[in-house]
Amino acid sequence: MTDAALPLRPDAASVERPESQSTLTRVVHYTGMRMIAMLITILIGVYLTIIIANMGGHVDNIRKGYIRETVAIATGQSEEFRNMTAEERREHIDKLVALQEKRMGLDQPFLLRSFRFLWGAMTLDLGWADNMSSDSGSRQVRNIILERLPATLLLFSTSFFMLFFVGIFVALYLSRNYGSRLDRLIIGLAPTSAAPSWFYGLFFILLFAALLGWFPFGGLVSAPPPESIINYALSVLNHMVLPVIAIFFSAIFLGIYGWRTFFLIFSNEDYVDMARAKGLSDRVVERRYIMRPTMPSIVTGLALSIIGLWFGSIVLETIFNWPGLGRLFYLASNIFETSVIVGSTVIYAYLLGITVFFLDIVYALIDPRVKVGGNPGGQV
Amino acid sequence: MTAVRRTLAALSQYPSAVAGLAIIAAMVLFSIYIVIAIPYSEAIDLWRGGEGVWLENPRTAQPKWVNLFPGVNLPETVILGPAGESDDASVQKERQVVSEEMTDVITTFTFDYTADEFPQEISLFLTSEHEQKRPLVSLTWLTPDGREIRIADVTVEGPVTVRFSQEEKLERRLDGVRAEIGLFADPASDEKDPRPLKGTYRLVAAGLVFEDDADVDARLVVYGKVYGLAGTDHLRRDLMLALMWGMPVALAFGLLAAVGTSVSTFIVAAIGVWFGGIVDAAIQRITEVNLILPVLPILIMVGLFYSRSIWVMLGVLIALSVFSSGIKTSRAIFLQIKESPYFEAARAYGAGNFRIIFLYLIPRLIPTLVPGFVVAIPSFVFVEATLAVLNLGDPLLPTWGKVLSDARVNDALYQGNYYWVLEPAALLLISGLGFSMVGFALDRVFNPRLRDL
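Everything quoted here is computed from the prediction, not taken from an experiment. (Residues numbered from 1 in each chain as written. Chains lettered and ligands numbered in written order. Predicted model: local features only at pLDDT ≥ 70, side-chain atom pairs only at ≥ 80, totals over all residues.)

1. So, the overall build of chain B
Rule in force here: Labels follow the DSSP assignment, with helices taken as runs of H or I lasting at least four residues and strands as runs of E lasting at least two, numbered in each case from the N terminus. Radius of gyration: over C-alpha atoms. The globule rule applied is 2.2 Å multiplied by the number of residues raised to the 0.38 power. Exposure classification rests on a simple neighbour count of other C-beta atoms within 10 Å of a residue's own: a residue reaching 20 or more is buried, one at 12 or fewer is exposed, and one in between is partly exposed. C-beta atoms are placed from the backbone. Whether two residues are in contact depends on their C-beta atoms, placed from the backbone: they are in contact if these lie within 7 Å.
Within chain B one finds 15 helices and nine strands. Over its C-alpha trace chain B gives a radius of gyration of 32 Å, far above what one expects of a compact globule, namely 22 Å for 453 residues. With respect to the three principal axes, the spread of C-alpha positions in chain B is 110 × 50 × 40 Å. Across the 453 residues in chain B, those meeting the buried criterion constitute 41%. Taking the contacts inside chain B whose residues are at least 6 apart along the sequence as the reference set, 72% of them involve residues at least 24 apart.

2. A few points about the overall build of chain A
On a plain count of helices and strands, chain A comes out with 13 helices and zero strands. Counting from the amino terminus, helix and strand elements in chain A follow one another as α-α-α-α-α-α-α-α-α-α-α-α-α. A total of 380 residues make up chain A; the buried ones form 39% of that total. By sequence separation, contacts in chain A at least 24 residues apart represent 71% of the contacts at least 6 residues apart.

3. Brief notes about the pairing of strand β4 (residues 121–129) of chain B
All names here are of chain B. The following threshold applies: Strands qualify as paired when DSSP identifies two bridges or more between them.
Side chains of β4 alternate between two faces, with Ile 122, Leu 124, Leu 126 and Ser 128 buried and Glu 121, Ser 123, Phe 125, Thr 127 and Glu 129 left unburied. Of the pairings in the sheet, the one linking β4 to strand β9 (residues 215–223) comprises nine bridges and is antiparallel in character. Bridging across to β9, Ile 122 finds its partner in Val 222. One ladder, built from four bridges, connects β4 with strand β7 (residues 160–163); its direction is antiparallel. Paired with Phe 125 across the two strands is Thr 161, which belongs to β7.

4. Side note on the environment of B:Gly260
Along the polypeptide, B:Gly260 turns up in helix α6 (residues 239–275). Separated by 86 residues in the primary sequence, B:Gly260 and B:Ala346 place their C-alpha atoms 28 Å from one another.

5. Side note on the nonpolar core
Definition in use: For this analysis, nonpolar core means a set of buried Ala, Val, Leu, Ile, Met, Phe, Trp, Tyr and Cys residues linked through C-beta atoms within 7 Å.
B:Leu299 and B:Leu404 are the most contacted members of the largest nonpolar core, which has 155 residues in total. At 17 residues, helix α9 (residues 229–267) of chain A tops the list of elements feeding residues into this core. The contacts of B:Leu299, once residues within four sequence positions are left out, are B:Met313, B:Val316, B:Leu317 and B:Leu387. Core analysis: the second largest hydrophobic core is formed by 31 residues, B:Phe109, B:Val154, B:Ala179 and B:Ala205 among them.

6. Comments concerning unusual backbone geometry
Residue and element names in this part refer to chain B. One non-glycine residue with positive phi stands out, namely Thr 60, at about 30°. Mapped onto the secondary structure, Thr 60 falls in the loop between α3 (40–48) and β1 (78–80). One non-glycine residue, Asp 175, lies in the positive phi region at around 60°. Overall, the presence of 8 C-beta atoms within 10 Å leaves Asp 175 in the exposed class.

7. Concerning the domain arrangement of chain A
Interfaces are frequently sized by the accessible area removed from exposure as the parts join. All names here are of chain A. Under the convention used in this document: What marks off one domain from the next here is an automatic or database domain assignment.
Looking at chain A, the domain boundaries give domain 1 (24–123) and domain 2 (147–366). Each of domain 1 and domain 2 was reduced to a C-alpha centroid, and the two centroids are 36 Å apart. In this assembly, 16 residues from domain 1 lie in contact with 13 residues from domain 2. Elements with a minimum of two residues in the side of domain 1 that touches domain 2: α2 (23–53) and α3 (58–77).

8. Here's the deal with the UniProt feature "transmembrane region" (unreviewed entry) in chain B
All names here are of chain B. This is how the line gets drawn: UniProt positions are given in the numbering used here, feature names are shortened, and annotations may be inferred rather than shown by experiment.
Summarizing the sequence annotation, UniProt attributes the feature "transmembrane region" (unreviewed entry) to residues 17–38, 239–259, 295–322 and 418–442 in the numbering used throughout. As annotated, residues 17–38 has a helix share of 95% and a strand share of 0%, and its two end C-alpha atoms lie 31 Å apart. Secondary structure across residues 239–259 comprises 100% helix and 0% strand; the distance between its end C-alpha atoms is 30 Å.

9. Re the pairing of strand β2 (residues 91–97) of chain B
Residue and element names in this part refer to chain B. Bridge analysis of β2 against strand β3 (residues 103–113) gives seven bridges, and the strand direction is antiparallel. Residue pairing for β3: Lys 93 is matched across the bridge by Thr 107. The loop that links β2 with its antiparallel partner β3 comprises five residues.

10. Some words on the UniProt feature "transmembrane region" (unreviewed entry) in chain A
All names here are of chain A. Here the UniProt feature "transmembrane region" (unreviewed entry) sits at residues 35–55, 149–174, 195–217, 229–257, 297–320 and 340–366. Helix makes up 100% of residues 229–257 and strand makes up 0%, while its end C-alpha atoms are separated by 40 Å. Taken end to end, residues 340–366 has its terminal C-alpha atoms 38 Å apart, with 100% of it in helix and 0% in strand.

11. Things to note about the environment of A:Leu254
Residue and element names in this part refer to chain A. Here Leu 254 shows up in helix α9. Between the alpha carbons of Leu 254 and Thr 300 there is a distance of 14 Å; along the sequence they are 46 residues apart. The contacts of Leu 254, once residues within four sequence positions are left out, are Ala 190 and Ser 193.

12. Side note on the UniProt feature "domain: ABC transmembrane type-1" (unreviewed entry) in chain B
Under the feature "domain: ABC transmembrane type-1" (unreviewed entry), the UniProt entry names residues 247–439 of chain B. Along residues 247–439 of chain B, the helical share is 81% and the strand share 0%, with 19 Å between the first and last C-alpha atoms.

13. Describing the interface of chain A and chain B
Formally: Asp, Glu, Lys and Arg are counted as charged, while Ala, Val, Leu, Ile, Met, Phe, Trp, Tyr, Cys and Pro are counted as nonpolar; the rest, among them Gly, fall into the polar class.
If you look at the interface, chain A gives 51 residues, while chain B gives 48 residues. Looking at the side of chain A that touches chain B, the elements that each hand over two or more residues are α2, α8 (197–211), α9, α11 (282–319), α12 (325–334) and α13 (338–366) of chain A. In the side of chain A that touches chain B, the residues fall into 37 nonpolar, 13 polar and one charged.

14. Considerations on the sheet that holds β7(B)
Residue and element names in this part refer to chain B. Spelled out, the test is: Fitted lines through C-alpha atoms serve as axes, helices being fitted only where they are in contact, and the angles separating the N-to-C directions of these axes extend from 0 to 180 degrees.
Taken together, the four strands give an open sheet; going across it, the order is β1-β9-β4-β7, and neighbouring strands pair in antiparallel fashion. Each edge of the sheet is formed by a strand with only one pairing partner; in this case those strands are β1 and β7. Put simply, the sheet's adjacent strands are angled 15° from each other on average, direction ignored.

15. Some words on the sheet that holds strand β5 (residues 136–142) of chain B
Residue and element names in this part refer to chain B. Across the sheet, which stays open at both edges, the five strands sit in the order β2-β3-β8-β5-β6 with antiparallel pairing between neighbours. Here the strands that pair on one side only, and so sit at the sheet edges, are β2 and β6 (148–155). On average, adjacent strands in this sheet sit at an angle of 15° to one another, irrespective of strand direction.

16. What to know about the domain arrangement of chain B
Splitting chain B by domain gives domain 1 (1–43 + 238–446) and domain 2 (75–224). Inter-centroid distance (C-alpha atoms) of domain 1 of chain B to domain 2 of chain B is 55 Å.

17. Let's talk about the packing of α12(A) against α13(A)
All names here are of chain A. Spelled out, the test is: Angles below 35 degrees are treated as roughly parallel, those above 145 as roughly antiparallel, those between 65 and 115 as roughly perpendicular, and all remaining angles as oblique. Throughout, a crossing is termed right-handed when the near helix is turned clockwise from the far one, and left-handed when it is turned anticlockwise from it by less than a right angle.
Where α12 meets α13, the closest approach of the two axes is 9 Å, and the angle between their N-to-C directions is 150°. Taken as axis vectors, α12 and α13 run roughly antiparallel relative to one another. Between α12 and α13 the crossing geometry is left-handed. Taken together, the residues of α13 that come into contact with α12 (itself represented by Leu 325, Leu 328, Phe 329, Ala 332 and Ser 333) are Val 340, Ile 341, Ser 344 and Ile 347. Of the residues belonging to the contact of α12 with α13, the class tally is seven nonpolar, two polar and no charged.

18. With respect to helix α13 (residues 400–409) of chain B
Residues and elements named next belong to chain B. Most of α13 is tucked away, with nine of its ten residues classed as buried. Buried within α13 we find Trp 400, Gly 401, Lys 402, Val 403, Leu 404, Ser 405, Asp 406, Ala 407 and Arg 408. Note on α13: the residue one or two positions beyond its end, Asp 411, has a positive phi of about 55°.

Quick look at the structure:
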């Protein structure tokens, strides 16, 4: 539990390179390698998603619906077909659809078709929704999803930074005051992280919205939305408090527990005693000799917890009526909107991949063994 | 066995672990009891029974113990009749011959009302025995202060349910006030904020029958606002059933998922380390792909497209977790152990690869598996609850997650039905804490580096 697993080891860059190579080339090389690896990983992940989704032929239905819609629109707009009867027009559309399906390769074996859809998914060409539309009226799945993404990113990046900085700060403080009452209290609270964020969200809604009335029950802004930008931002902030606290509360104690334990283990190392014997100040010892070797493990542990947070978002956003990706997924699953479901899953795979990629870069920057930056100083 | 005993002895050093073990033991015992007391099929029948089974329960009633709070005095449900089934003095039935062709069957219900709030609704269930001519029942309400209110006249054909709040004439007679309020209101109290009049109420159901051996039976239900130890939901179902049956389901799901994922992960890691080379590299790459697979969305897709059965979900969840991040941890430990000389000895006597993996490599490391496994159980219990909240719970079984989901869909928090959310949430939290407290202590017992800290 505490020896956090490393999700991705910096294989390529950990090999010692000749000194002649410039730092920039190394950074670019490393980043490029990681990016290619991550793209391949996402590709495989998305492909698996498609295979799972299409076991019942659902993705095919999305594509067929898409074809029918485009053909119907084209026929409806064209002057040539104005004079046709409804019957004739339907026949004509059927013929065009069959032609188009053949052209799109829907009569091909599944293996070939799955690769076509994979390409569509990777380029975010996700098809059309039947019963959902974005607030701006578009029925393209990509627009529907991208419209919801900022709300989710706002919620989760806020919670993430709070978790990271508060967690590190408190963990350091506790490792300094090991065995104190606060230390034991927080360690005792660590098991509470077994419950996901939405679960605490329920309690916070009950307490702060229903009983005390301090914060709204849910939503992004109050209705109607305030006119001025400042009031709008304040309203969003007000609505954000409860979900952010719920995410924070569900992860912080376990995080502090793990990090504190790391700091304690590493502060027992001989070189730390040596540094102290040299007369270095506590702050310098902490920064250079304790934080620096523990940082990589902390970052990877954090990567795993963020991935957990992404999934928790589906229910959390539903509970708080937060108009983000998670709630979109929930709504789509309730009305069986296949294209949006598959599309959101693809986006989730992308989000996870990007998260892991960025943390990988951060990991490389702070891991003393990787030394991509080539900076010998103790900057953390 | 000595290893188990030693572990337990070490665990007893941690008060939190002792508490956690007590919770787990209590849950296991209770689960065994409930599965025997209410068998699987019966539980499903009761839960799916709909309104028919639970007809005489109030809707979204709070648990009875809320009346223990100071200042709370909510009415309990009063169920009276039919006469003869119980020799209760509160239901009296007599026959009066009116003429040659007509007989009056008069049933009088008497009950005391002492609550501070009005009942939820009032219903009278009528049944009759007749051949051709249908009996006519007229209902009269007698309040403690002696007022007499005519309710309705009903012709009884087969079983008839009279819902007082749906009698339009009665509502007009009560000046547009709902029946359950108008019939119980104290005339002296403020019209805008009526208070119930406490005392003895009576309902007289006078049935006029036109045949010699015809008869009318009636059953009065004054629905209260509290019910049982756990309250009821929007379909009048007793929440106790779901709360009790949720426990074995949660335990089974959490336990099976944790065993399935941790054991399979462990075996895969061991195989990778033992064979090394391409196998190991392939397992590592698969783990990296698996890390970015959106598990919950895929579970939801499976639930939507294929099956919502809790056991299918369990299988998919385990399949997606085989190549989880746990592999990296196990791998690191396996790599250390692989160099031990007894593997060479095993190879020297001609042991095959799988013999070595399953008989020598894996057993050595089972202790390191235990803490992670115990900690994983509650997270899987919560996965079930998460799926249920997303409307993807098992369609048949009553579970804690489904209670939470129903509560959420019916705006329980918004409408103040806090018990509906708090009861399953408390059970989830207690069981989660039980397992993770034991798991954390085990982690320290098996992880010597943590023991001094």
